[in-house]
Amino acid sequence: MSRRLGLLLPLLMLGLLVLLREVQSDGAARIARGEERALHVLDRFVSATDDIPAADVEALRAQLTGIEGLHAFTPENAQAGTAAYAQDRSYMYGLAQLAERDAQSGTLRQLWVLRAWPLDFGVTGDAEFQLGTDGVLWEGQNLRGRSGTDTGFPPPFPEPDVTTRPGGWWTRPRPAHR
């Protein structure tokens, strides 16, 4: 009897290792799909808002919530009027309007910043993203583990560390249109 158990134990261990590897692979694929979807949403937003002035907050918000698969979301712990939020099954998106004074002319310019972070850090995504009126796409390591409205919410608009080296953020090309 013990000889049969001796042969069965390595087979059970091998089966457990195969199962563990499959679970890890599924988790990594889910994270990659969530991040790819977030990049697609950011690209769709910036493409749809090319002709919308940054001062037209309502039109920008309508474009965000009009992206297929997104729905408007009003978090309980959000500060009223500071940003518009939307989410899909993987990521949350926050859109904020900012005013910036031009250093040379002194005129006030209206800008927008769109942030994306995982709905469930480590499950639906790991990275966070920021896209601004200038069209530069930033990807961050999500060093704080920003997750939905539970951790690190609300995010700063714009992320203060985005241009700090080393700050855990880097620029990346926007996805090609499909």
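Our subject is the structure that appears above.
Residues numbered from 1 in each chain as written. Predicted model: local features only at pLDDT ≥ 70, side-chain atom pairs only at ≥ 80, totals over all residues. Heavy atoms only, no water.

Novice: What is the right way to look at the pattern of salt bridges in this model?
Specialist: Close approach of charged atoms allows side chains with opposite charge to pair. Counted under the stated rule, the structure contains 10 salt bridges. One salt bridge in this structure joins R109 and E100, with 2.6 Å as the shortest N-O distance. Here the salt bridges share partners, and the residues they tie into one network are R115, E128, R144, R146, E159 and D161. (Salt bridge = Lys/Arg side-chain N within 4 Å of Asp/Glu carboxyl O.)

Novice: Looking at this structure, I do not really get the nonpolar core. What am I missing?
Specialist: A general tendency of soluble globular proteins is for nonpolar side chains to be buried together. Within the largest apolar cluster, 23 residues are counted, with the highest numbers of intra-cluster contacts made by F45, L64, Y93, W112, L114 and F129. For this core, the elements supplying multiple residues, two or more each, are helix 1 (2–48), helix 2 (57–65), strand 3 (91–101), strand 4 (108–118) and strand 5 (128–132). Top element by residues in this core is helix 1. It accounts for six residues. With eight residues, the next largest nonpolar core counts A83, Y85, M92 and A96 among its residues. (Core = buried A, V, L, I, M, F, W, Y, C linked by side-chain atoms within 4.5 Å. Buried < 20%, exposed > 50% of the residue type's maximum accessible area, 1.4 Å probe, protein only. Helix = DSSP H or I, 4+ residues; strand = E, 2+ residues; numbered from the N terminus.)

Novice: Where do I start with a nonpolar patch on the surface in this structure?
Specialist: A surface patch of nonpolar side chains, about 310 Å² in accessible area, is lined by L8, L11 and L12. Its place among the elements puts L11 in helix 1. (Patch = residues over 30% accessible without salt bridge, like charges linked within 9 Å, V, L, I, M, F, W, Y side chains within 5 Å. Areas by Shrake-Rupley, 256 points an atom, 1.4 Å probe, with all protein chains shown as cover.)

Novice: Where do I start with the layout of surface pockets in this structure?
Specialist: Empty space among the atoms becomes visible once a probe the size of a water molecule is rolled across them. By volume, the largest pocket amounts to about 330 Å³. Looking at the largest pocket, it is lined by 17 residues, and the ones nearest its centre are V113, Q130, G132, D134 and P158. Among the elements of the structure, strand 3, strand 4 and strand 5 are those that each provide at least two residues to the lining of the largest pocket. Considering every element that reaches the lining of the largest pocket, the biggest residue donor is strand 4, with four residues. Grouping the amino acids of the lining of the largest pocket by side-chain chemistry returns 10 nonpolar, four polar and three charged. (1 Å grid on protein atoms, 1.4 Å probe; cavity = no way out; pocket = protein on both sides within 12 Å on 5 of 7 lines; lining within 4 Å. Points joined across faces, edges and corners; volume = space filled by probe spheres on them. Nonpolar A, V, L, I, M, F, W, Y, C, P; charged D, E, K, R; others polar.)

Novice: Mind showing me how you'd approach empty space enclosed by the protein here?
Specialist: All told, the structure shown has one cavity of 30 Å³ or more when counted by the stated rule. Size it by volume and the largest cavity reaches roughly 50 Å³. What lines the largest cavity is E128, Q141, N142, L143, R144, E159, D161, G167, G168 and W169.

Novice: What should I look at first to understand unusual backbone geometry in this one?
Specialist: Glycine aside, a negative phi is what most residues show, and trans is what most peptide bonds show. A cis amide bond links F153 with the next residue in sequence, P154, at an omega value of -5°. The peptide bond linking F157 to P158 adopts the cis configuration, its omega dihedral lying at -15°. Topologically, P158 is positioned in the loop between strand 6 (137–140) and strand 7 (169–172). Although it is not a glycine, N142 adopts a positive phi angle of roughly 60°. With respect to the helices, strands and loops of the structure, N142 is situated in the loop between strand 6 and strand 7.

Novice: How should the environment of R174 be read in this particular structure?
Specialist: Looking at the element boundaries, R174 is found in the segment after strand 7. Residues R174 and W138, 36 residues apart in the sequence, show an inter-C-alpha distance of 9.3 Å. Ignoring any residue separated from it by four or fewer positions in sequence, one finds R174 in contact with D43, V46, S47, L131, G135 and L137. (Contact = heavy atoms within 4.5 Å.)

Any functional reading would require information that these geometric values do not contain.
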